[in-house]
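Residues per chain are reported as follows:
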Amino acid sequence: MNLQYVVLLISVLLASTTVRNQATLGVWNPIKNINDPYVTEIANYAVDEHDKRTGLNLKLEKVINGETKIVDGIIYCLNITATNSSASSKYNIAVLDKLSQHFRNLTSFVPISD
Ligand SMILES: *[C@@H]1O[C@H](CO)[C@@H](O)[C@H](O)[C@H]1NC(C)=O
Ligand SMILES: *[C@@H]1O[C@H](CO)[C@@H](O)[C@H](O)[C@H]1NC(C)=O
Ligand SMILES: *[C@@H]1O[C@H](CO)[C@@H](O)[C@H](O)[C@H]1NC(C)=O
């Protein structure tokens with residue numbers, strides 16, 4: 001392997017890393033598979049945590065749509081519906097998920113109108 005080749009290889013690797021970071025870091029990306037079990041898990045966490053904090057007893061009905069943003073972890077911003085014993089309502093929720101640190105937090109849970 002000559003030096004020229006090594007230099008070329010390194011610059012190609014650096015360039016592709018830069019492009020990848022620009023494409024994802026700090027940018028909201030729509031969630032393509034809204035039925036992904038991991039997305040459902042995040043939504044269930046949000047509803048359970050909201051129940052704990054408020055003493056309400058809401059249950060997740062479904063995830064409508066959502067986006068993610070890579071920060072120090074991943075922020076999930078989802079529109080969901082949840083039901084109490086009598087009615088279904090729409091909410092916009094945000095969860096910060098840091099998989100590698102086993103850290104998860106509900107940062108927003110607000111009702112939205114249709
Ligand atoms: C959630 O719903 C609102 C209003 O219906 C919409 O403006 C917003 O883009 C939706 N958010 C996501 C993450 O899709
Ligand atoms: C259920 O939610 C609806 C709509 O938000 C509300 O009007 C109703 O009071 C709630 N019922 C209970 C039992 O919490
Ligand atoms: C979780 O998010 C809430 C709301 O943004 C914030 O008040 C709280 O400090 C956060 N908890 C942790 C452990 O970061």
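Preceding this paragraph is the structure being described.
Notes on the structure follow. (Residues numbered from 1 in each chain as written. Chains lettered and ligands numbered in written order. Predicted model: local features only at pLDDT ≥ 70, side-chain atom pairs only at ≥ 80, totals over all residues. Heavy atoms only, no water.)

## Structural notes on the site of ligand 1
Right, so step 1: Surrounding ligand 1, one finds Asn65, Gly66, Glu67, Cys77, Asn79 and Lys90.
Right, so step 2: Take Asn65: an N or O atom from its side chain is 3.0 Å from an oxygen atom of ligand 1.
Right, so step 3: In isolation ligand 1 offers 360 Å² of accessible surface; the protein chains occlude 51% of this area.
Right, so step 4: For the shell around ligand 1, the secondary-structure elements that each account for two or more residues are β2 (59-71) and β3 (73-83).
Right, so step 5: Top contributing element to the shell around ligand 1 by residue count: β2, with 3 residues.
Right, so step 6: Grouping the constituent residues of the shell around ligand 1 by class yields 1 nonpolar, 3 polar and 2 charged. (Near = heavy atom within 4 Å. Polar contact = N/O pair within 3.5 Å; in protein donor to acceptor, adjacent residues only side chain to side chain. Areas by Shrake-Rupley, 256 points an atom, 1.4 Å probe, with all protein chains shown as cover. Helix = DSSP H or I, 4+ residues; strand = E, 2+ residues; numbered from the N terminus. Nonpolar A, V, L, I, M, F, W, Y, C, P; charged D, E, K, R; others polar.)

## Regarding the pattern of salt bridges
Right, so step 1: Enumeration over the complete set of coordinates arrives at 5 salt bridges.
Right, so step 2: One salt bridge connects Arg104 with Glu41, and the closest N-O pair in it is separated by 2.9 Å. Of this pair, Arg104 sits in strand β5 (residues 103-112) while Glu41 sits in helix α2 (residues 37-54), placing them 63 residues apart in sequence.
Right, so step 3: With a relative accessible area of 24%, Arg104 lands in the partly exposed category.
Right, so step 4: The class for Glu41 is partly exposed, based on a relative accessible area of 38%.
Right, so step 5: When the shortest N-O distance is used, the salt bridge between Glu49 and Arg53 registers 3.1 Å. Linking Glu49 with Arg53, this pair stays in helix α2, spanning 4 residues, or about one helical turn.
Right, so step 6: By relative accessible area, which is 47% here, Arg53 ends up partly exposed. (Salt bridge = Lys/Arg side-chain N within 4 Å of Asp/Glu carboxyl O. Buried < 20%, exposed > 50% of the residue type's maximum accessible area, 1.4 Å probe, protein only.)

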